[in-house]
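# Examination of the molecular architecture
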Amino acid sequence: MDIKSSIFAVLNQTGSVKGTGFLVAPNLAITCAHVIFAADAQPGDIIEVRFSGRIEKNKALVMTEYWRDVDQGDIAILQLDFSVLVADPLPLGVASSSSGHDFYSFGFATVTDVNGIGAR
């Protein structure tokens, strides 16, 4: 599984990167509510995302039924609009049970381009 191919940048209306998300099912992804707000969007809006290492953009619906505001969990679930799966979904797990395991974090910091940066 290529983890990086399952990571995407959340874009605002001008195409600027505002945060990171990742694929968790063939057409569902997760990001933070604060990232959606940074992209000048709200639950129910359609936003654009760009997967790591790819040029094309994909549209995504910010699903209202799974929205958790910044002070209530900070979670946004996106329903992606594409006909061909571009990456493998990543498994979700409980952070409290990951002690002693290696992890890899990938984000789109403002100091880098759309390819993002990683941390261990």
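Anything mentioned here points back to the structure above.
Residues numbered from 1 in each chain as written. Predicted model: local features only at pLDDT ≥ 70, side-chain atom pairs only at ≥ 80, totals over all residues. Heavy atoms only, no water.

### With respect to the sheet that holds strand 5 (residues 58-62)
What holds strands together in a sheet is hydrogen bonding between their backbones, with the strands either parallel or antiparallel. Under the convention used in this document: Two strands form a pair only when DSSP identifies at least two bridges running between them. Helix and strand assignments come from DSSP, with helices taken as H or I runs of at least 4 residues and strands as E runs of at least 2, each series counted from the N terminus. To obtain each axis, a line is fitted to C-alpha atoms, and for helices this fit is confined to the stretch in contact; angles are then taken between N-to-C directions over 0 to 180 degrees.
Taken in spatial order, the six strands of this closed barrel run 1-2-3-6-5-4, and their pairing is antiparallel. Each strand axis lies, on average, 40° off the axis of its neighbour in the sheet, ignoring direction. Where strand 3 (residues 28-31) meets strand 6 (residues 76-81), four bridges bridge the pair, whose relative direction is antiparallel. Within strand 6, the residue paired with T31 across the bridge is A76.

### A few points about the pairing of strand 4 (residues 46-51)
With four bridges joining them, strand 1 (residues 7-11) and strand 4 adopt antiparallel strand pairing. Bridge pairing links A9 to R50 in strand 4. Both strand 4 and strand 5 contribute to a ladder of four bridges, which runs antiparallel. Residue I47 lies in a different strand from strand 5, and its bridge partner there is A60. Between the antiparallel neighbours strand 4 and strand 5 lie six residues, among them G53 with a positive phi of about 75°.

### As for the packing of aromatic side chains
Aromatic ring pairs: the centre-centre distance and the angle between the two ring planes describe each pair. Cut-off, in case you're wondering: Aromatic contacts are taken between Phe, Tyr and Trp rings whose centres are within 6.5 Å, Trp giving its six-membered ring; a plane angle under 30 degrees counts as stacked, one over 60 as edge-to-face, and the others as tilted. Throughout, exposure labels follow a simple rule: accessible area from a 1.4 Å probe, protein chains only, divided by the maximum for the residue type, with under 20% read as buried, over 50% as exposed, and the rest as partly exposed.
The tally for this structure, following the rule as stated, stands at two aromatic pairs. The interplanar angle of 70° and the centroid separation of 5.4 Å between the aromatic rings of F37 and W67 together place this pair among those described as edge-to-face. One end of the pair, F37, is in helix 1 (residues 33-38); the other, W67, is in the loop between strand 5 and strand 6, and 30 residues separate them in sequence. Judged by its relative accessible area of 31%, F37 falls in the partly exposed class.

### Focus on the nonpolar core
Going by this rule: As used in this record, nonpolar core signifies buried Ala, Val, Leu, Ile, Met, Phe, Trp, Tyr and Cys residues forming a set joined through side-chain atoms within 4.5 Å. In this description, contact between two residues means that some pair of their heavy atoms is separated by no more than 4.5 Å.
Core analysis: the largest hydrophobic core is formed by 18 residues, its most contacted members being F8, V10, I36, I47, V49, L78 and L80. Elements that contribute at least two residues to this core include exactly strand 1, helix 1, strand 4, strand 5 and strand 6. If we ignore the near neighbours within four places in the chain, the residues touching V49 are F8, A9, V10, L11, E56, K57, N58, A60, L78 and L80.

### Describing the environment of R54
With respect to the helices, strands and loops of the structure, R54 is situated in the loop between strand 4 and strand 5. Using a relative accessible area of 34% as the deciding quantity, one classes R54 as partly exposed. Separated by 49 residues in sequence, R54 and S5 place their C-alpha atoms 8.6 Å apart.

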